[in-house]
Amino acid sequence: MSLAELSLTRWRSLGLPAARRLARQAADQTGGQVVAVETVEHLGAPLHRVRIARQGREFALVPGGEVVLGFDADGWRSPPGLEADYAESAEQGYGYGPDLRSHLAQVLSPRRSVSVPTVLMAVENEPLTAPPAETPDLLAAEGLRMPSSDEWEHACGAGAGTLFRWGDACPLDRVPHGDDGGPHQQPNAFGLRIAHDTHAAELTGDPGAVHGGDGGESVCGGYGTVLAWLPLATAQRNPVMAEFVYGPDGEDMYEEFSTRPVLALPVAL
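Small disclaimer: the values here were computed from a predicted structure and weren't measured.

Summing up its helical and strand segments, the chain has 9 helices and 11 strands in all. In terms of C-alpha radius of gyration, the chain reaches 18 Å, essentially the compact-globule figure of 18 Å for 269 residues. Projected onto the principal axes, the alpha-carbon positions of the chain cover approximately 55 × 45 × 35 Å. With 269 residues in all, the chain has 51% of them scored as buried. Across the chain, contacts joining residues at least 24 apart in sequence account for 73% of those joining residues at least 6 apart. On the chain, roughly 12,200 Å² of surface is accessible, and the fraction owed to carbon and sulfur atoms is 50%. In the chain, 19 side chains carry a positive charge and 36 a negative one; their mean positions are 13 Å apart.

Structure, rendered in C-alpha cells:
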C-alpha cells in the first residue's frame, strides 16, 4: 500500500511511533522535512497531526480513503438559538428558505460517500497571482495542484459530520470576522488553518464551488449572526460566489481569491 492509499480509518488506528515513520516517509518522498508530529483528540479518539515543510510552505498530512462528506439537513438537530436567529434574518428578506433547515438543504453539499487520496495540503491558503484559469499551470510548475472540492471538504471536516468543523453550534453574540477567540481561529483536526475567515474565498478544481468564506458578503451585508457564520460551514460551496469569480465581472478581481495548494503523494505501481 502506498501513502496515497492510506485511509483515515487506518491512520487513526496507528500508534505515535508508526505515525512518525509514515510522516518521515511522506517527507522523504516529496523532498520535504517533518517539522511536527503531535496527537490531539478528535471525535472522541486520538488523531495524529503531521506538518511537513517544503520549499517555503508548510503542508499537513491529510489521510483519505472512503469518507463521508456533505450535510444531512433532515437528520440534523439544531443547537439552541440558531433557528430563532435565522428566523430574524428571514423576516428581513435574507436566506433561501422559510427556516434554517430548508436554507441549509439548499446551500450545503448533500451527504455522500466518496474516495479521496491521502495528500499533503498547504496549512495556509494562498492568494491567487493569476486568473483562475491560469492557476493550475502555475501550481503545476511547482509540482503542485489545486484540491478538488471533495478533498477540500474532507480536509476541513476531518471526518466530522457536524455543521462546522468544530461542531454544530456557533457563537450567537458576535460574528466571526474580528473575533480572535472563536472556535474558527483554532487549527482544525489535521492542523490546517481553514474555514477561519469569512472574508476568505478558496477556489478548488471545481469552478462551481468556493469554500471557506464568501469574501465578507454576509458580514458586510448585515445578514444576521447565523448567516454570517455559515460561509465557514464545512459543506458550504457558495455557488453564487463561484459564478462571480469565474464570470466576466470577476476577471480583474482574482487577487481577492485564494487556493490551497496540494502536493500529491506517489502512488505505488
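Put simply, helix α3 (residues 82-91) and helix α4 (residues 100-107) touch, their axes get as near as 9 Å, and they point 80° apart. By the angle between their axes, α3 is roughly perpendicular relative to α4. Here Leu82, Glu83 and Tyr86 of α3 come into contact with α4, specifically with Leu100, Arg101 and His103. When the residues that make up the contact of α3 with α4 are grouped by side-chain class, the tally is 3 nonpolar, 1 polar and 2 charged.

Spatial ordering of the open sheet is given by β1-β2-β3-β6-β11, a layout of 5 strands whose pairing is antiparallel. The outermost strands of the open sheet, each flanked by one partner alone, are β1 (33-42) and β11 (262-264). Mean inter-strand twist for the sheet, computed between neighbouring axes without regard to direction, equals 30°. Across 4 bridges, the pairing between strand β2 (residues 45-54) and strand β3 (residues 57-62) is antiparallel. Across the sheet, Ile52 pairs through a bridge with Phe59, a residue of β3. Against the sheet, helix α2 (residues 16-30) makes contact with β1, β2, β6 (119-122) and β11, and its axis sits at roughly 140° relative to β1, the strand it touches most.

By the burial criterion, the buried members of α4 are Leu100, His103, Leu104 and Val107. End-on, the buried residues of α4 take up no more than an arc of 100°, which puts them together on one face. Across α4 from its buried face, at more than 90 degrees, point the exposed residues Ala105 and Gln106. Where α4 is buried, its residues touch α3 and α8 (225-229).

A few words on the sheet that holds strand β8 (residues 202-203). Strand order in the open sheet made by the 4 strands is β7-β10-β8-β9, with mixed pairing throughout. The open sheet has two edge strands, β7 (126-127) and β9 (210-211), and neither has a second partner. Bridge count for β7 against strand β10 (residues 258-259) is 2 bridges, and the pairing is antiparallel. Bridging across to β10, Pro127 finds its partner in Ser258.

Further remarks concern the environment of Thr135. Checked against the element boundaries, Thr135 lands in helix α5 (residues 135-140). Owing to a relative accessible area of 6%, Thr135 belongs among the buried residues under this scheme. C-alpha separation for the pair Thr135 and Phe257, spaced 122 residues apart in sequence, amounts to 11 Å. Ignoring anything within four residues of it in the chain, the contact list for Thr135 reads Leu128, Ala130, Met146 and Thr259. In terms of polar contacts, Thr135 uses its side chain to reach the backbone carbonyl oxygen of Pro131, at 3.2 Å.

Quick look at the pattern of salt bridges now. This model, assessed by the stated rule, comprises 14 salt bridges. Salt-bridge contacts for Arg57 lead to Glu126; the nearest nitrogen and oxygen are separated by 2.6 Å. Placement of the pair is Arg57 in strand β3 and Glu126 in strand β7, with a sequence separation of 69 residues. What makes Arg57 buried here is its relative accessible area of 15%. For Glu202, the salt bridge identified is with Arg260, shortest N-O distance 2.8 Å.

Conventions adopted
Residues numbered from 1 in each chain as written. Predicted model: local features only at pLDDT ≥ 70, side-chain atom pairs only at ≥ 80, totals over all residues. Heavy atoms only, no water. Helix = DSSP H or I, 4+ residues; strand = E, 2+ residues; numbered from the N terminus. Rg over C-alpha atoms; globule rule 2.2 N^0.38 Å. Buried < 20%, exposed > 50% of the residue type's maximum accessible area, 1.4 Å probe, protein only. Contact = heavy atoms within 4.5 Å. Areas by Shrake-Rupley, 256 points an atom, 1.4 Å probe, with all protein chains shown as cover. Lys, Arg positive; Asp, Glu negative; His and termini not counted. Charge placed at Lys NZ, Arg CZ, Asp CG, Glu CD. Axes fitted to C-alpha atoms, helices over the stretch in contact; angles between N-to-C directions. Parallel < 35°, antiparallel > 145°, perpendicular 65-115°, else oblique. Nonpolar A, V, L, I, M, F, W, Y, C, P; charged D, E, K, R; others polar. Pairing = 2+ DSSP bridges. Arc of directions from axis to C-beta. Polar contact = N/O pair within 3.5 Å; in protein donor to acceptor, adjacent residues only side chain to side chain. Salt bridge = Lys/Arg side-chain N within 4 Å of Asp/Glu carboxyl O.

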